[in-house]
Amino acid sequence: MTTPMTASARDWEAERSAQVKEEPAKRAGDTEQSALPPRLPPATTWEIGGRTLTSRFLLGTAGYPSPAILQQAIAASGTQVVTVGLRRQLAQGTPASADGDFFGIIKATGAHLLPNTAGCRTAREAITLAQMARELFDTTWIKLEVVGDEHTLQPDPFELVDAARQLVKEGFDVFPYCTDDLVSCQRLLDAGCKILMPWGAPIGSGQGLVNPGALRILRARLPDVPLIVDAGIGSPADAVQAMELGLDGVLLNTAVAKALNPVRMARAFGLGIQAGRLAFEAGVMAQQDMAVASTPVAGHPILL
Amino acid sequence: MTAALTVPVPETSTTTLIVNGAAHTTTARTLAQWVEAQGLAGDTLATAVNGAFVPRAQRAQSLLAEGDAIVTFQPIEGG
């Protein structure tokens with residue numbers, strides 16, 4: 001038989017130890033509890049359009065102060081996918097942009113190219129532009145944009161589904177820029193899309209996630225579909241929120257390009273997206289209405 | 001007298017096209033010849049004639065007719 005003092009101390013040790021070991025497991029669900037080695041990048045890899053990626057940040061290339069700043073921002077962001085566009089023009093020589101050798105800079109980054117169909121209003125236009133993009137950028141990836149409203153640049157769900165169906169038949173990996181409406185998203189999946197890119201807010205508005213509830217529903221109802229929030233992100237906090245909701249990635253352009261310092265902002269978003277993903281994987285604790293003492297003194301009143 | 005009848009059609013006959021929305025006169029007979037005449041490498045642009053995409057490999061077979069509308073697209077930055 002042990003002395004009362006020792007037994008009490010042992011019980012207390014056991015109780016505290018159980019708290020420490022079990023509580024995070026309960027909060028996070030059935031997740032692995034292995035410690036992260038120090039300084040290891042936390043993000044798990046993911047697959048999209050037949051590629052395995054480590055970065056969950058997709059970055060647009062438009063509107064930067066200079067090609068050099070664009071180049072530095074891409075490097076600082078850690079992105080592995082950049083979006084590009086096409087314009088109806090006939091410029092002489094290899095540099096196809098007023099910015100100089102834009103395309104050369106982009107190719108030199110080694111990032112995967114995701115051409116868009118920006119500016120298209122009908123499925124027919126978008127299909128033709130996608131065919132041109134596949135040839136010009138030598139990729140089957142296409143960010144399918146078909147806009148239905150000039151003021152909000154809201155995707156037209158009907159034209160989008162028509163275009164997606166045709167492009168999937170032609171062998172494209174279609175990344176549709178879509179609204180957060182669950183049923184139109186399901187129709188895009190029916191059309192053969194393997195990925196969805198719901199908007200957070202109107203393009204370039206910087207409003208953040210105007211309808212996080214809709215994104216939460218998409219995540220819950222489409223657990224196995226890669227979901228990338230595309231458009232409307234303003235600050236890294238918005239990107240963290242998207243990642244904590246369990247979305248798979250974030251695509252943005254203006255929030256970096258129009259920052260006072262785009263290179264630093266690219267880094268800030270890169271870190272935020274990593275942090276948000278790691279938080280999702282770790283399992284954010286449940287909110288409580290009242291205080292819950294963190295220092296384990298409950299039941300041991302201090303009487304001075 | 002038969003020799004005069006075998007003179008080939010002059011290669012310099014011109015065709016008027018609509019290129020990216022503007023009138024454009026060319027002596028090119030095919031889309032491939034037209035691209036070359038613009039001084040552009042074939043892989044620096046994508047082409048469509050009368051709204052239909054014409055892949056690079058088919059430009060040499062794409063005959064141009066009076067009034068055809070050509071559009072050309074090139075890479076730019078994008079979001």
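Look a little higher up for the structure.
Since we're looking at a predicted model, the values are computed, not measured.

Chemist: What should I look at first to understand the overall build of chain A in this one?
Modeler: For chain A, the count of helices and strands is ten helices and ten strands. Across chain A, every contact between residues at least 6 apart in sequence was considered, and the portion connecting residues at least 24 apart equals 65%. As displayed, chain A has an accessible area near 16,000 Å², and 55% of this comes from carbon and sulfur atoms.

Chemist: Honestly, the overall build of chain B in this entry has me stumped. Any pointers?
Modeler: Counting its regular elements, chain B contains two helices and five strands. Counting from the amino terminus, chain B carries its helices and strands in the arrangement α-β-β-α-β-β-β. Counting only residues that meet the buried cut, chain B has 42% of its 79 residues in that class. For chain B, the share of sequence-separated contacts (at least 6 apart) that also reach a separation of at least 24 residues comes to 49%.

Chemist: Is there a simple way to explain the nonpolar core in this structure?
Modeler: Across soluble globular proteins, nonpolar side chains show a tendency to be buried alongside one another. All names here are of chain A. Counting residues in each nonpolar core, the largest one holds 67 residues, and the members touching the most others are Met132, Leu144, Leu252 and Val256. It is helix α4 (residues 123-137) that provides the largest number of residues to this core, a total of nine residues. Apart from the residues lying within four places of it in its own chain, the contact partners of Leu252 are Phe57, Leu58, Leu59, Gly60, Ile233 and Phe269.

Chemist: Sorry if this is basic, but what is going on with a nonpolar patch on the surface here?
Modeler: Judged by side-chain polarity, Val297(A), Ile302(A) and Leu304(A) come together as a nonpolar surface patch covering roughly 410 Å² of accessible area. With respect to the secondary-structure elements, Leu304(A) resides in the segment after α10 (262-282).

Chemist: Looking at this structure, how should I read the side chain of Thr15(B)?
Modeler: All names here are of chain B. For Thr15, the location among the structural elements is in strand β1 (residues 15-19). Owing to a relative accessible area of 11%, Thr15 belongs among the buried residues under this scheme. Not counting residues up to four positions away in its chain, the partners in contact with Thr15 are His24, Thr25, Thr26, Ala28, Ala65 and Glu66.

Chemist: I would appreciate a short explanation of the environment of Thr139(A) in the present structure.
Modeler: All names here are of chain A. Within the secondary structure layout, Thr139 lies in the loop between α4 and β6 (141-144). Counting along the chain gives twelve residues from Thr139 to His151, while the straight-line C-alpha distance between them is 31 Å. Residue contacts for Thr139: discarding those within four places in its chain leaves Leu113, Pro115 and Arg134. A polar contact is formed between the side chain of Thr139 and the backbone nitrogen of Trp141, at a distance of 3.0 Å.

Chemist: Mind showing me how you'd approach the interface of chain B and chain A here?
Modeler: Many descriptions give the size of an interface as the accessible area lost when the pieces come together. The partner chain A presents 31 residues to the 28 residues of chain B that form the contact. Carbon and sulfur atoms make up 58% of the surface buried where chain B meets chain A, a total of about 2,600 Å² over both sides. A per-residue breakdown of the area chain B buries against chain A is headed by Pro75(B), Ile76(B) and Glu77(B), which together make up 28% of the total. When the shortest N-O distance is used, the salt bridge between Glu135(A) and Arg59(B) registers 3.5 Å. Across the contact surface, chain B and chain A share 13 residue pairs in polar contact (both at pLDDT 80 or more). Among the elements that make up the side of chain B that touches chain A, the one with the highest residue count is strand β5 (residues 69-77) of chain B (seven residues). Here the side of chain B that touches chain A is built from residues that sort into twelve nonpolar, twelve polar and four charged.

Chemist: Any chance you could explain the sheet that holds β6(A) here in plain terms?
Modeler: Two pairing modes exist for strands in a sheet, parallel and antiparallel, and in both the strands are linked by backbone hydrogen bonds. Residues and elements named next belong to chain A. Taken in spatial order, the three strands make up an open sheet running β6-β7-β8, and their pairing is parallel. Each edge of the sheet is formed by a strand with only one pairing partner; in this case those strands are β6 and β8 (197-198). With four bridges connecting them, β6 and strand β7 (residues 173-178) associate as parallel partners. Looking at β7, one finds that Ile142 is bridged to Val174. Along the sheet, helix α5 (residues 157-169) contacts β6 and β7; its crossing angle with β7, the most-contacted strand, is approximately 170°.

Chemist: Honestly, the packing of α5(A) against helix α6 (residues 182-190) of chain A in this entry has me stumped. Any pointers?
Modeler: Packed helices, taken two at a time, are described by the angle between their axes plus the distance between the axes. All names here are of chain A. Running from amino to carboxyl end, α5 crosses α6 at an angle of 15°, the nearest separation of the two axes being 9 Å. Taken together, the axis directions place α5 and α6 in an arrangement best described as roughly parallel. As α5 packs across α6, the resulting crossing turns out to be right-handed. Each of Pro157, Leu160, Val161 and Ala164 in α5 lies in contact with α6, whose residues at this interface are Ser184, Arg187 and Leu188. Its residues assigned to classes, the contact of α5 with α6 shows five nonpolar, one polar and one charged.

Chemist: Would you explain the pattern of salt bridges in this entry?
Modeler: In total, this model carries nine salt bridges over all chains according to the counting rule given. Among the ionic contacts, a cluster of salt bridges with common partners joins Glu135(A), Arg56(B) and Arg59(B).

Chemist: Can you help me understand the pairing of β7(A) in this one?
Modeler: Looking down a regular strand, the side chains alternate between one sheet face and the other. Residues and elements named next belong to chain A. Among the six residues of β7, five are classified as buried, and the element is accordingly described as predominantly covered. What joins β6 to β7 is α5, and the crossover it makes is right-handed. Here β7 runs beside β8; their pairing, made up of two bridges, is parallel. The residue of β8 that forms the bridge with Cys178 is Pro198. In this fold, β7 hands off to α6, which returns the chain to β8; that crossover is right-handed.

Chemist: Can you help me understand the packing of aromatic side chains in this one?
Modeler: Aromatic ring pairs are described here by two measures, namely the spacing of the ring centres and the angle between the planes. Residue and element names in this part refer to chain A. This model, assessed by the stated rule, comprises three aromatic pairs over all chains. Centre to centre, the rings of Phe57 and Phe269 are 6.2 Å apart; their planes meet at 40°, and the pair counts as tilted. You can see Phe57 sitting in strand β3 (residues 57-60) and its partner Phe269 sitting in helix α10, a full 212 residues away along the chain. With respect to class, Phe57 is no different from Phe269; both count as buried. Considering the side-chain rings of Phe103 and Phe137, the 5.3 Å spacing of their centres and the 85° angle between planes classify their relative orientation as edge-to-face. A residue pair is termed long-range when its members are at least 10 positions apart, and Phe103 in helix α3 (residues 102-109) and Phe137 in helix α4 qualify at 34 residues. Both residues of the pair, Phe103 and Phe137, count as buried. Above the plane of the ring of Phe103 lies Lys107, whose end atom (NZ or CZ) is 4.3 Å from the centre.

Conventions we followed
Residues numbered from 1 in each chain as written. Chains lettered and ligands numbered in written order. Predicted model: local features only at pLDDT ≥ 70, side-chain atom pairs only at ≥ 80, totals over all residues. Heavy atoms only, no water. Helix = DSSP H or I, 4+ residues; strand = E, 2+ residues; numbered from the N terminus. Contact = heavy atoms within 4.5 Å. Areas by Shrake-Rupley, 256 points an atom, 1.4 Å probe, with all protein chains shown as cover. Buried < 20%, exposed > 50% of the residue type's maximum accessible area, 1.4 Å probe, protein only. Core = buried A, V, L, I, M, F, W, Y, C linked by side-chain atoms within 4.5 Å. Patch = residues over 30% accessible without salt bridge, like charges linked within 9 Å, V, L, I, M, F, W, Y side chains within 5 Å. Salt bridge = Lys/Arg side-chain N within 4 Å of Asp/Glu carboxyl O. Polar contact = N/O pair within 3.5 Å; in protein donor to acceptor, adjacent residues only side chain to side chain. Buried area = accessible area lost by both parts, 1.4 Å probe. Nonpolar A, V, L, I, M, F, W, Y, C, P; charged D, E, K, R; others polar. Pairing = 2+ DSSP bridges. Axes fitted to C-alpha atoms, helices over the stretch in contact; angles between N-to-C directions. Parallel < 35°, antiparallel > 145°, perpendicular 65-115°, else oblique. Left-handed = near helix turned anticlockwise from the far one by under 90°. Right-handed = clockwise from strand over helix to strand, strands pointing away. Phe/Tyr/Trp six-rings, centres within 6.5 Å; stacked < 30°, edge-to-face > 60°. Lys NZ or Arg CZ within 6 Å of the ring centre and 35° of its normal.

Honestly, it's all geometry; don't read function into it.
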